[in-house]
Amino acid sequence: MTTPPAPRLRSRRPAWAGRNYTLLTAAAVVTGLGNAGALIAAAFAVLEAGGDGGDVGLVAAARTLPLVVFLLIGGALADRLPRHRVMVAANSLNCVSQAAFAVLVLSGEARLWQMAVLSALGGTGQAFFSPAAEGMLLSSVTRQQAARAFALFRMGMNGAQIGGAALGGALIAVVGPGWVLAVDAAAFAVAGALRSLLDVSAVPRREPGGGMVRDLREGWREVVGRPWLWSIVVQFAVVNAVVGAADSVFGPLVAEDHLGGARPWGFALAAFGAGTVLGGLLMVRWRPRRLLLAGSLSVLPLSLPSAALAVPVPVPALVTVMFLVGVSIEVFGVSWMTALHQEIPEDKLSRVSAYDWFGSVAMVPLATALTGPAEEAFGRTASLWGCSALILALTLAVLTVPDVRRLRRSETTPVAEGGPAAEDTAPKPVSPR
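What this report covers is the structure whose coordinates are included nearby.

Right, let's get into the packing of aromatic side chains. Within this structure, the stated rule accounts for 5 aromatic pairs. For the pair Trp220 and Tyr355, a centre-to-centre distance of 5.6 Å together with 55° between the ring planes defines the contact as tilted. Of this pair, Trp220 sits in helix α7 (residues 212–224) while Tyr355 sits in helix α13 (residues 349–361), placing them 135 residues apart in sequence. Seen from their ring centres, Phe332 and Trp336 are 5.9 Å apart, and the 15° between their planes marks the pair as stacked. Placement of both Phe332 and Trp336 in helix α12 (residues 315–343) is noted, with a separation of 4 residues, approximately one turn of the helix. On the accessibility criterion, Phe332 (8% relative accessible area) is buried. On the accessibility criterion, Trp336 (7% relative accessible area) is buried. Among the aromatic residues, those joined into a ring-pair cluster are Trp228, Phe236, Phe332 and Trp336.

What follows is the structure, encoded as structure tokens:
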């Protein structure tokens with residue numbers, strides 16, 4: 001009698017979630033857990049070393065500056081070399097810099113300049129990592145499943161950041177910031193090991209280009225040749241700067257003066273994080289045909305938190321606003337990633353991503369530095385209303401760009417090298433009115 005074969009265990013992983021996508025998502029969750037707590041730990045490490053609020057800002061700026069300086073170079077390098085190698089190298093740099101930071105803090109000998117230098121090394125690693133990571137993620141899924149894959153990826157990343165911030169804050173209170181920084185270093189080591197297992201055999205081999213400058217010019221042409229792309233990058237260069245200034249400076253000040261201190265503001269930020277998770281769940285199911293129209297309309301609610309702080313509204317209303325904004329910004333985020341995946345040639349993904357990242361972070365330090373002078377010149381309430389009006393005006397301006405309103409989801413049409421979305425001559429699905 002023949003023994004029947006043992007039944008195979010059914011994989012819990014969806015059929016479309018291949019090896020690379022799974023590894024990238026797992027690594028992003030690991031680093032998200034570590035990074036969220038480490039950002040809080042770095043601030044408390046500066047304060048424990050005798051620094052003040054200005055010193056905390058200096059260390060934070062030391063991380064941002066190299067991120068801005070090296071992003072475009074990182075994008076060009078990631079389209080020239082195997083992206084997973086760039087990612088692993090960047091993770092290794094972050095691991096070493098965070099481990100050194102942890103040792104200094106645990107030894108009680110940390111100096112401000114040392115923490116600033118190590119933060120700058122961390123920002124350098126992120127500058128090379130981010131374009132390579134986005135290009136690798138965009139290359140890891142098929143067009144048919146791109147929106148669902150990006151929604152689940154962002155859900156995992158946002159959930160990890162929420163949990164990491166809560167866990168990091170608790171650990172800082174119990175064991176101190178040095179150990180939280182050590183945990184982040186270990187997270188980078190684990191993530192780098194996962195990313196070293198990525199399979200790049202199916203990725204088309206990229207021919208050597210004519211040099212770094214030529215690579216950057218090709219990436220620039222991809223951006224400026226698509227009105228939907230450069231208009232939204234310009235929009236978010238200002239929107240991110242304004243939101244960053246409102247959240248990092250005005251929000252805590254309003255909370256301290258009118259809402260009862262740091263705890264209500266923490267509740268509001270937690271509500272935003274919870275909203276991003278719900279927004280990810282929504283985008284798993286919802287597949288808007290006019291990708292960027294849906295995404296750009298979802299940016300309009302981003303003007304509400306500044307307005308709520310300008311009033312200021314009661315804490316329950318602020319928490320509700322932040323939750324709704326978290327949902328809406330995920331609609332934009334998934335729609336944006338899907339549009340890049342659909343429209344940008346694979347061999348230029350990292351360079352385009354680098355220009356996108358550059359636009360997103362370049363003006364944040366300037367806006368944060370100008371919040372104080374703006375408050376003195378116009379007052380806090382007027383400055384917050386100005387933030388809200390600026391977000392509304394820029395978003396409405398982007399909605400006047402024809403490609404933003406017309407670009408539609410395409411399930412099967414391959415990407416043409418370099419051409420704008422409007423030149424796609426394949427039949428378009430009719431979107432419901």
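When the terminal C-alpha atoms of helix α15 (residues 380–398) are compared, their 27 Å separation across 19 residues agrees well with the 27 Å that a helix rising 1.5 Å per residue should span. Here α15 has its buried residues at Arg380, Ser383, Leu384, Cys387, Ser388, Ile391, Thr395 and Val398. Taken around the axis of α15, the buried residues stretch over an arc of 140°, which confines them to a single face. Against the buried residues of α15 lie α8 (227–259), α10 (291–297), α11 (304–310), α14 (364–378) and α16 (402–406).

One pass over the full model with this rule turns up 6 salt bridges. Among the salt bridges present, the one from Arg214 reaches Glu218, with a minimum N-O distance of 3.6 Å. Taken together, the residues span about one helical turn, with Arg214 and Glu218 both in helix α7 at a distance of 4 residues. Between Glu218 and Arg351 there is a salt bridge, and its shortest N-O distance comes to 3.0 Å. Here Glu218 is found in helix α7, whereas its partner Arg351 is found in helix α13, with 133 residues between them in sequence. When salt bridges with common partners are traced through the structure, they connect Arg214, Glu218 and Arg351 into a single cluster.

Of note, Thr395 is situated in helix α15. The contacts of Thr395, once residues within four sequence positions are left out, are Gln235, Ser296, Val299 and Leu300.

Of all hydrophobic cores here, the largest spans 60 residues; its most connected members are Trp228, Leu229 and Trp336. At 10 residues, α12 tops the list of elements feeding residues into this core. Setting aside its immediate chain neighbours within four residues, Trp336 contacts Trp228, Leu229, Ile232, Val233, Leu292 and Asp356. In this structure, Ala41, Val59, Leu104 and Met115 belong to the second largest nonpolar core, which totals 16 residues.

Together, Leu106, Val174, Val175 and Trp179 make up an exposed nonpolar region whose accessible area comes to about 410 Å². Relative to the helices and strands, Trp179 is located in helix α6 (residues 177–195).

Here the bond from Val311 into Pro312 is cis, since omega is -15°, no more than 30 degrees from zero. Relative to the assigned elements, Pro312 resides in the loop between α11 and α12.

Definitions and limits used
Each chain carries its own residue numbering, running from 1 in the direction its sequence is written. Only residues with pLDDT of 70 or above have their local features reported here, since the model is predicted, and side-chain atom pairs are shown and tallied only from 80 upward, although totals for entire chains, interfaces and linings are computed over all residues. Just so you know, side-chain values use all the structure's heavy atoms and leave hydrogens and water out. Any Phe, Tyr or Trp ring, taking Trp's six-membered ring, that has another such ring centre within 6.5 Å forms a pair; planes under 30 degrees apart are called stacked, those over 60 apart edge-to-face, and the others tilted. Counting from the N terminus, the helices are DSSP H or I runs at least four residues long and the strands are E runs at least two residues long. Only protein chains enter the accessibility calculation, which uses a 1.4 Å probe; a residue whose area is less than 20% of its type maximum is buried, one above 50% is exposed, and one in between is partly exposed. One fewer than the residue count of a helix, multiplied by 1.5 Å, yields its expected span. Working note: the arc is built from the helix axis to C-beta atom directions. Any two residues whose heavy atoms approach within 4.5 Å at even a single point are treated as in contact. We count a salt bridge whenever a side-chain nitrogen from Lys or Arg sits within 4 Å of a carboxyl oxygen from Asp or Glu. Nonpolar cores are built from buried Ala, Val, Leu, Ile, Met, Phe, Trp, Tyr and Cys residues. Side-chain atoms within 4.5 Å join them into one set. A patch is a set of surface residues, each over 30% in relative accessible area and not in a salt bridge, joined within 9 Å for like charges and within 5 Å for the nonpolar side chains Val, Leu, Ile, Met, Phe, Trp and Tyr. Areas reported here follow the Shrake-Rupley algorithm with a probe of radius 1.4 Å; residue values treat only the protein chains shown as occluding.

Keep in mind these values describe shape, not function.
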